[in-house]
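Per-entry structural report
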Amino acid sequence: MKLSCALCIISYLCISLIPVPLLELAGCGICGFSVGILWPGTFSKASAALKRGGTVMFALLALAGDLGCSGGPTLVGFVSSAFENNLRIGIFVGILFPVVLLLGLIFAGKKREKKLG
């Protein structure tokens, strides 16, 4: 998942900073590929960490996913709108989401290492 987050960040940078349409399109494709593991990975990690999470855990994950799927594009749209409909700036700000996830994964990994070690 860490590698997918890093790839997602790189693709967002490619989309927002490189003014070559073919490379921007490639960045979009790489982004789609990189996020493919994030949602199933989240479910897998949650299931492993909370053995008795059950239906409530999956319902809360679904709710969080829905909020993220609506909040992310909304943030990008608001930021783009604030900068004269500049979608590049909006996408650049959207990097916030994979960065936060990557930091969370790193923090969780270190916390787990402390617990085991």
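Re the side chain of Ser80
Mapped onto the elements, Ser80 comes out in helix H4 (residues 54–82). Look at Ser80 and you get buried, because its relative accessible area is 5%. Beyond its immediate chain neighbours, meaning those up to four positions away, Ser80 contacts Asn85, Asn86, Leu87 and Gly90.

Looking at the packing of aromatic side chains
This structure, assessed with the given rule, holds two aromatic pairs. Taking the centre distance of 5.4 Å and the plane angle of 25° together, the rings of Phe43 and Phe58 count as stacked. With Phe43 in helix H3 (residues 38–49) and Phe58 in helix H4, the pair connects residues that are 15 residues apart, well separated along the chain. For Phe43, a relative accessible area of 23% corresponds to the partly exposed category. Aromatic rings pair up to connect Trp39, Phe43 and Phe58 into one cluster.

Considering the side chain of Ser4
Along the chain, the position of Ser4 falls in helix H1 (residues 2–17). Not counting the four nearest positions on each side in its chain, Ser4 is found in contact with Ser34, Ile37 and Leu38.

Describing the pattern of salt bridges
Following the criterion strictly, the structure yields one salt bridge and no others. Glu24 is the salt-bridge partner of Arg88, the closest N and O atoms lying 2.4 Å from each other. Here the residue Arg88 occupies a position in helix H5 (residues 87–93), and Glu24 occupies one in helix H2 (residues 21–35), the gap between them amounting to 64 residues. Taking relative accessible area as the criterion, Arg88 reaches 31% and is therefore assigned partly exposed.

Digging into the packing of H3 against H4
Between H3 and H4, the least distance of the axes is 11 Å, while the angle of their chain directions is 150°. Between H3 and H4, the angle falls in the class roughly antiparallel. Once H3 is placed against H4, the crossing between them reads as right-handed. Residue-level contacts link Trp39, Thr42, Phe43, Ala46 and Ser47 of H3 to Met57, Phe58, Leu61, Ala62 and Gly65 of H4. Grouping the constituent residues of the contact of H3 with H4 by class yields seven nonpolar, three polar and no charged.

Brief notes about H2
Given a rise of 1.5 Å per residue, 15 residues ought to cover 21 Å, and the 21 Å separating the end C-alpha atoms of H2 matches this to within 8%. For H2, every residue scored as buried is listed here: Glu24, Gly27, Cys31 and Ser34. Buried residues of H2, seen end-on, are gathered within an arc of 80° and therefore sit on one face of the element. In H2, the exposed residues that point more than 90 degrees away from the buried face are Pro21, Leu22, Leu25 and Phe33.

Details of the layout of surface pockets
Volume-wise, the largest pocket comes out at about 760 Å³. If you go around the largest pocket, you meet 23 residues; those closest to its centre are Leu38, Gly68, Cys69, Phe97 and Leu101. Of all the secondary structure elements, the ones that give two or more residues to the lining of the largest pocket are H1, H2, H3, H4 and helix H6 (96–116). Ranked by residue count, the leading element in the lining of the largest pocket is H4, at eight residues. Here the lining of the largest pocket is built from residues that sort into 18 nonpolar, five polar and no charged.

Criteria and cut-off values
- Residues numbered from 1 in each chain as written.
- Predicted model: local features only at pLDDT ≥ 70, side-chain atom pairs only at ≥ 80, totals over all residues.
- Heavy atoms only, no water.
- Helix = DSSP H or I, 4+ residues; strand = E, 2+ residues; numbered from the N terminus.
- Buried < 20%, exposed > 50% of the residue type's maximum accessible area, 1.4 Å probe, protein only.
- Contact = heavy atoms within 4.5 Å.
- Phe/Tyr/Trp six-rings, centres within 6.5 Å; stacked < 30°, edge-to-face > 60°.
- Salt bridge = Lys/Arg side-chain N within 4 Å of Asp/Glu carboxyl O.
- Axes fitted to C-alpha atoms, helices over the stretch in contact; angles between N-to-C directions.
- Parallel < 35°, antiparallel > 145°, perpendicular 65-115°, else oblique.
- Left-handed = near helix turned anticlockwise from the far one by under 90°.
- Nonpolar A, V, L, I, M, F, W, Y, C, P; charged D, E, K, R; others polar.
- Expected span 1.5 Å × (residues − 1).
- Arc of directions from axis to C-beta.
- 1 Å grid on protein atoms, 1.4 Å probe; cavity = no way out; pocket = protein on both sides within 12 Å on 5 of 7 lines; lining within 4 Å.
- Points joined across faces, edges and corners; volume = space filled by probe spheres on them.

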